[in-house]
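Each chain, letter by letter, is given below.
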Amino acid sequence: MAAPSLTLTITIPMTEQELSPEAQRLIDAVRDLAEAGGQVAERPAALLPSEFAGELGTGPEVRLLVASRQVLVDGTALPLTRLEFELLQFLAGNRRRVFTRAQLLAGVWGYEHTGERTVDVHVRRLRLKLGPQVPLITTVYGVGYRLADDANIVVQPHD
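A brief report on the enclosed structure follows. (Residues numbered from 1 in each chain as written. Predicted model: local features only at pLDDT ≥ 70, side-chain atom pairs only at ≥ 80, totals over all residues. Heavy atoms only, no water.)

### A closer look at the overall build of the protein chain
Thinking step 1. In terms of regular secondary structure, the protein chain is built from 5 helices and 7 strands.
Thinking step 2. When the helices and strands of the protein chain are read in sequence order from the N terminus, they spell out α-α-β-β-β-α-β-α-α-β-β-β.
Thinking step 3. Counting every position in the protein chain, which comprises 159 residues, the buried fraction comes to 30%.
Thinking step 4. Counting contacts in the protein chain only where the partners sit at least 6 residues apart, residues at least 24 apart contribute 52% of the total.
Thinking step 5. Entry remark: accessible area of the protein chain is about 10,200 Å², with carbon and sulfur atoms responsible for 55%. (Helix = DSSP H or I, 4+ residues; strand = E, 2+ residues; numbered from the N terminus. Buried < 20%, exposed > 50% of the residue type's maximum accessible area, 1.4 Å probe, protein only. Contact = heavy atoms within 4.5 Å. Areas by Shrake-Rupley, 256 points an atom, 1.4 Å probe, with all protein chains shown as cover.)

Below, the structure is given as structure tokens:
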């Protein structure tokens with residue numbers, strides 16, 4: 001029985017500026033995978049989300065302990081509401097992806113029949129609790145929100 005194949009298309013905009021370190025690492029990882037003939041090493045570090053998260057981040061480390069629903073900022077517990085925690089977990093689980101307010105309402109709140117400004121309020125409160133030294137959530141003007149590229153966030157499914 002033949003192994004299933006996977007086709008992956010990656011679009012990286014080429015501008016006058018140099019590639020970001022993250023884009024260069026992604027290109028190198030894909031090139032290594034292609035050169036290996038599709039044979040994946042046991043644990044390719046460049047492709048593991050939890051390791052990738054800690055590797056790219058700057059500033060204080062934010063650790064989401066999913067099982068106990070705790071957030072630690074540089075080892076200090078940060079009290080979050082249920083929805084603030086779920087919003088942060090959702091964004092951390094979908095790095096590099098921009099979500100509209102409607103998508104966040106559906107993905108985090110589970111419904112879309114409330115005002116989209118509800119998302120804005122929760123993002124603002126989450127940013128205030130994290131403080132300016134922990135820039136985690138980026139606004140994509142005219143679209144919605146995403147996790148910052150340089151977010152130093154680690155998601156631990158088990159404590």
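That was the structure; now back to the text.
### Quick look at the pattern of salt bridges
Thinking step 1. Using the criterion set out here, one finds 8 salt bridges in the structure.
Thinking step 2. Lys129 is the partner of Glu84 in a salt bridge, and the nearest nitrogen-oxygen pair spans 2.7 Å. Placement of the pair is Glu84 in helix α3 (residues 82–92) and Lys129 in helix α5 (residues 117–130), with a sequence separation of 45 residues.
Thinking step 3. Given a relative accessible area of 2%, Glu84 falls into the buried group. (Salt bridge = Lys/Arg side-chain N within 4 Å of Asp/Glu carboxyl O.)

### Details of the environment of Thr118
Thinking step 1. Take Thr118: it is sitting in helix α5.
Thinking step 2. Sequence separation between Thr118 and Arg101 is 17 residues, and the spatial gap between their C-alpha atoms is 8.6 Å.

### Considerations on unusual backbone geometry
Thinking step 1. Notably, Arg69 is not glycine yet its phi reads approximately 55 degrees, a positive angle.
Thinking step 2. As for its position among the elements, Arg69 is in the loop between β1 (62–65) and β2 (70–73).
Thinking step 3. Judged by relative accessible area, Arg69 falls into the partly exposed class, the value being 39%.
Thinking step 4. Not every positive phi belongs to a glycine, and Asp74 is a case in point at roughly 50 degrees.
Thinking step 5. Note on placement: Asp74 falls in the loop between β2 and β3 (76–77).

### Some points on the packing of α3 against helix α4 (residues 101–109)
Thinking step 1. Put simply, α3 and α4 touch, their axes get as near as 10 Å, and they point 110 degrees apart. Comparing their axes, α4 and α3 come out roughly perpendicular. Once α3 is placed against α4, the crossing between them reads as right-handed. Contact with α3, carried on its side by Leu83, Glu86, Leu87, Phe90 and Leu91, involves Leu104, Gly107, Val108 and Trp109 of α4 and no other residues of that element.
Thinking step 2. The residue inventory of the contact of α3 with α4, partitioned by class, reads 7 nonpolar, 1 polar and 1 charged. (Axes fitted to C-alpha atoms, helices over the stretch in contact; angles between N-to-C directions. Parallel < 35°, antiparallel > 145°, perpendicular 65-115°, else oblique. Left-handed = near helix turned anticlockwise from the far one by under 90°. Nonpolar A, V, L, I, M, F, W, Y, C, P; charged D, E, K, R; others polar.)

### Let's talk about the sheet that holds β1
Thinking step 1. Read from one edge to the other, the open sheet built from 4 strands follows the order β3-β2-β1-β7, with strand pairing classed as mixed. Single-partner strands in this sheet number two, and they are β3 and β7 (153–156).
Thinking step 2. Taken together, the 4 bridges between β1 and β7 define a ladder with parallel strand orientation. Opposite Leu64, over in β7, you have Val155 as the bridge partner. (Pairing = 2+ DSSP bridges.)

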